[in-house]
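# Notes for the structure review
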Amino acid sequence: MHKALGYAKLVPMQKIEKNETTLNKKVYELGFHFISTIPEGEVPARFAEVKEIIAKLGGSFISEQTPALQMLAYQMRKKLDNIYRRFDQAYFGWVKFESVPEAVVELKKILDLKDIVLRFIIVTTVRENTLVGSKPATKAPAKKIETVPV
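What comes next is a walk through the structure. Quick caveat: nothing in here was measured; it's all calculated off a predicted structure. (Residues numbered from 1 in each chain as written. Predicted model: local features only at pLDDT ≥ 70, side-chain atom pairs only at ≥ 80, totals over all residues. Heavy atoms only, no water.)

### Re the pattern of salt bridges
Going through the model one piece at a time under the given rule, you end up with six salt bridges. Between Arg-46 and Glu-42 there is a salt bridge, with its nearest N and O atoms 2.8 Å apart. The class for Arg-46 is partly exposed, based on a relative accessible area of 22%. Where Glu-98 meets Arg-127, a salt bridge forms, and the shortest distance between an N and an O atom there is 2.8 Å. Taken together, the residues Glu-98 in strand E3 (residues 83–99) and Arg-127 in the segment after strand E4 (117–124) connect sequence positions 29 residues apart. (Salt bridge = Lys/Arg side-chain N within 4 Å of Asp/Glu carboxyl O. Buried < 20%, exposed > 50% of the residue type's maximum accessible area, 1.4 Å probe, protein only. Helix = DSSP H or I, 4+ residues; strand = E, 2+ residues; numbered from the N terminus.)

Structure below.
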């Protein structure tokens, strides 16, 4: 078992021919929560580990957000050292990357085994930036009130 990354063995995606690989690639986004007991100074290194796993599986990065500590909408629990621990906050981050579906299946298996990952989700998405900016404030047109003489 590779101690630094916490996984047994990565299967290189070189078995698939290059033409086939480029045709099958899709854009994915991985959103995740790291447990809040990780020291804040260690979070960037843990994020780099996740990105290294994606890179070793043949993924190419599009964009990312470094994990930041946030309060959770509800309490989550995770089994660590045979004890269920509850978390009210977690480090949330995401990374958008391009990869073949077979590599994403392998990524899911690896992330399921990582103790630092509280929850994660992998979704297919588009390459374009889909962040919604703030909308300019608009003033509703004033309603005309008709008065009736008495």
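### Digging into the side chain of Lys-78
As for its placement among the helices and strands, Lys-78 is situated in strand E2 (residues 60–80). Despite being buried, Lys-78 has no salt bridge partner; Asp-115 is the closest side chain of opposite charge, sitting 5.4 Å away. Sequence-distant contacts of Lys-78, defined by excluding residues within four places in its chain, comprise Ile-35, Ile-83, Tyr-84, Arg-85, Phe-87, Lys-114, Asp-115, Val-117 and Leu-118. (Lys, Arg positive; Asp, Glu negative; His and termini not counted. Contact = heavy atoms within 4.5 Å.)

### Things to note about the sheet that holds E4
Taken in spatial order, the four strands make up an open sheet running E2-E3-E1-E4, and their pairing is antiparallel. With one partner strand each, in any of the chains shown, E2 and E4 form the two edges of the open sheet. Across the sheet, the mean angle separating the axes of adjacent strands is 20° when strand polarity is ignored. Sitting on the sheet, helix H2 (residues 43–56) is in contact with strand E1 (26–35), E2 and E3, with an inclination near 120° to E2. This element, helix H3 (residues 101–113), spans E1, E3 and E4 of the sheet and lies at about 170° to E4. (Pairing = 2+ DSSP bridges. Axes fitted to C-alpha atoms, helices over the stretch in contact; angles between N-to-C directions.)

### Concerning the environment of Val-104
Residue position: Val-104 is located in helix H3. The class for Val-104 is buried, based on a relative accessible area of 11%. For the pair formed by Val-104 and Tyr-28, sequence separation is 76 residues and the distance between their alpha carbons is 8.5 Å. Beyond its immediate sequence surroundings of up to four residues, Val-104 is in contact with Tyr-28, Phe-97, Ser-99 and Ile-122.

### Looking at the environment of Ala-73
Along the chain, Ala-73 turns up in strand E2. The class for Ala-73 is exposed, based on a relative accessible area of 83%. Measuring from C-alpha to C-alpha, the distance between Ala-73 and Asp-88 comes to 8.0 Å, with 15 residues separating the pair along the chain.

### Some thoughts on the nonpolar core
Of all hydrophobic cores here, the largest spans 29 residues; its most connected members are Leu-30, Phe-34, Ile-38, Ile-54, Phe-97, Leu-107 and Leu-118. Of all the secondary-structure elements, those providing two or more residues to this core are E1, H2, E2, E3, H3 and E4. The residues contacting Leu-118, other than those within four sequence positions of it, are His-33, Phe-34, Ile-35, Leu-72, Met-76, Arg-77, Lys-78, Phe-87 and Ala-90. (Core = buried A, V, L, I, M, F, W, Y, C linked by side-chain atoms within 4.5 Å.)

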